[in-house]
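Listed here are the chains, written in short residue letters.
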Amino acid sequence: MAADKDIAYQNLKAGQEFPPAAFQVDSATVSDYLKAVEENSVIYRGTGIVPPMAVAALALKALINAISMPPGTIHVSQEFEFMATVNTQDILTGRARVSRVQERGKLHLITVDINVANQKQESVLAGKTGFILPVE
Amino acid sequence: MPTSFELKEGQSLPTVEKNIVQDNINLYAKASGDFNPIHVDADYARKTPLGGTVAHGMLILAYISQMMTDAFGHNWLSGGRLNVRFRAPARSGDVITISGSIRRVEKEDGYHMIDCDVLCHNQNDEPVITGDAKVKVKANENRG
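In this text the structure is predicted, and so the values were computed from the model without any measurement.

**Student:** Teacher, can you tell me more about the sheet that holds strand E5 (residues 74–82) of chain A here?
**Tutor:** Working definition: the strands of a sheet are paired by backbone hydrogen bonds and lie parallel or antiparallel to each other. The ten strands are arranged E2(A)-E7(A)-E8(A)-E9(A)-E5(A)-E2(B)-E5(B)-E4(B)-E3(B)-E1(B) in an open sheet whose pairing can be described as antiparallel. Two strands lie at the open edges of the sheet, namely strand E2 (21–23) of chain A together with strand E1 (16–19) of chain B, each paired on one side alone. Between one strand axis and the next, the sheet turns through 20 degrees on average, direction left out of account. As judged from the eleven bridges shared by strand E8 (residues 107–117) of chain A and strand E9 (residues 123–134) of chain A, these two strands associate in the antiparallel manner. Considered in E9(A), the bridge of A:Leu109 is made with A:Ile132. In the packing of helix H2 (residues 52–66) of chain A onto the sheet, the strands contacted are E2, E5, strand E7 (92–104), E8 and E9 of chain A together with strand E2 (81–86) of chain B, and the crossing angle to E5(A) comes to about 130 degrees.

**Student:** Can you help me understand the pattern of salt bridges in this one?
**Tutor:** Pairs can form between side chains of opposite charge whenever their charged atoms are close. All names here are of chain B. Taken as a whole, this structure holds ten salt bridges over all chains when the rule is applied. Taking the shortest distance from any N to any O, the salt bridge between Arg46 and Asp43 comes out at 3.0 Å. Here the residue Arg46 and the residue Asp43 both occupy positions in helix H3 (residues 42–46), the gap between them amounting to three residues, near one helical turn. Taking the relative accessible area as the measure of exposure, Asp43 reaches 47% and is therefore partly exposed. Asp132 is paired through a salt bridge with Lys134; the nearest N and O atoms lie 3.3 Å apart. A relative accessible area of 32% means that Lys134 is categorised as partly exposed. Taken together, the shared-partner salt bridges connect Arg103, Arg104, Glu106, Asp115 and Asp117 into one network.

**Student:** I keep staring at helix H1 (residues 22–32) of chain B and nothing clicks. Help me out?
**Tutor:** Taken together, the buried positions of H1(B) are B:Asn24, B:Ile25, B:Tyr28, B:Ala29, B:Ala31 and B:Ser32. End-on, the buried residues of H1(B) take up no more than an arc of 170 degrees, which puts them together on one face. In H1(B), those exposed residues whose orientation departs by more than 90 degrees from the buried face are B:Asp23 and B:Lys30. Where H1(B) is buried, its residues meet helix H1 (27–36) and H2 of chain A together with helix H2 (37–40) and helix H4 (57–72) of chain B.

**Student:** Please clarify how the nonpolar core should be interpreted in this entry.
**Tutor:** One broad trend across soluble globular proteins is that nonpolar side chains are buried collectively. Grouped together as the largest cluster of nonpolar side chains are 77 residues, with contacts concentrated most on A:Phe18, A:Met53, B:Leu61, B:Ile64, B:Met68 and B:Phe72. At eleven residues, the largest contribution of residues to this core is made by H4(B). Every residue in contact with A:Met53, bar those within four places of it in the chain, is listed here: A:Tyr33, A:Phe80, A:Phe82, B:Met58, B:Leu61, B:Ala62, B:Ser65 and B:Leu82.

Thresholds, definitions, all that
Residues numbered from 1 in each chain as written. Chains lettered and ligands numbered in written order. Predicted model: local features only at pLDDT ≥ 70, side-chain atom pairs only at ≥ 80, totals over all residues. Heavy atoms only, no water. Pairing = 2+ DSSP bridges. Helix = DSSP H or I, 4+ residues; strand = E, 2+ residues; numbered from the N terminus. Axes fitted to C-alpha atoms, helices over the stretch in contact; angles between N-to-C directions. Contact = heavy atoms within 4.5 Å. Salt bridge = Lys/Arg side-chain N within 4 Å of Asp/Glu carboxyl O. Buried < 20%, exposed > 50% of the residue type's maximum accessible area, 1.4 Å probe, protein only. Arc of directions from axis to C-beta. Core = buried A, V, L, I, M, F, W, Y, C linked by side-chain atoms within 4.5 Å.

In structure tokens form, the structure reads like this:
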């Protein structure tokens, strides 16, 4: 979860960790997100609560920005655990680690573990993302 | 507020139906920062094996999360778990139905552990996402 596109996917190894990335989900982003997903639950109305999938999406964005993915990359699987509610004031830190790299014929299967913690160092979200990438 | 329904095995969760439109895909790209051209650039996407733009997988997961929030409220936001596989892309013009049902209810230390099957399918009944979701609910909680 580092600067843009600085890690080529061919160089990813199991156990490799990305530098942590801090981010915040402000109320304007939450508003855009709720509009995009057509979510109108009262839970999010004026409460400052961030939808957990918005946190997940922004954590994944940092990961995707860090890896140079080739065209044809497919997001094939996803696991999430939401451990605590996130608010717009929270300062979050995302960490990602490659947990598995497999080569099957002309495809790479890469699994990345993601963890997001708040400013109190409490885990708020954990996840496991699976990608299939074509071998170039 | 969570939708009131019985926590019993076989019980259906409140269904969510969404029309996939390019405007929402573009809005989602802005909100999530994922501007992969396969989602937002029609000319680029037309030349790929997918033949056109597709919605972000995470956008469809947001719909599953919406269903789970409708069903379980704050319990989903703090204690929910989701495990899914993406089976097929969702395209602009598709109508995606998000459904789920309770597979198992286990009592554990004053809580109900609810294990649900979740499914997103398109207007042709093709599965787009399949998987399961788990949520922990206080046994005496008033959910309606």
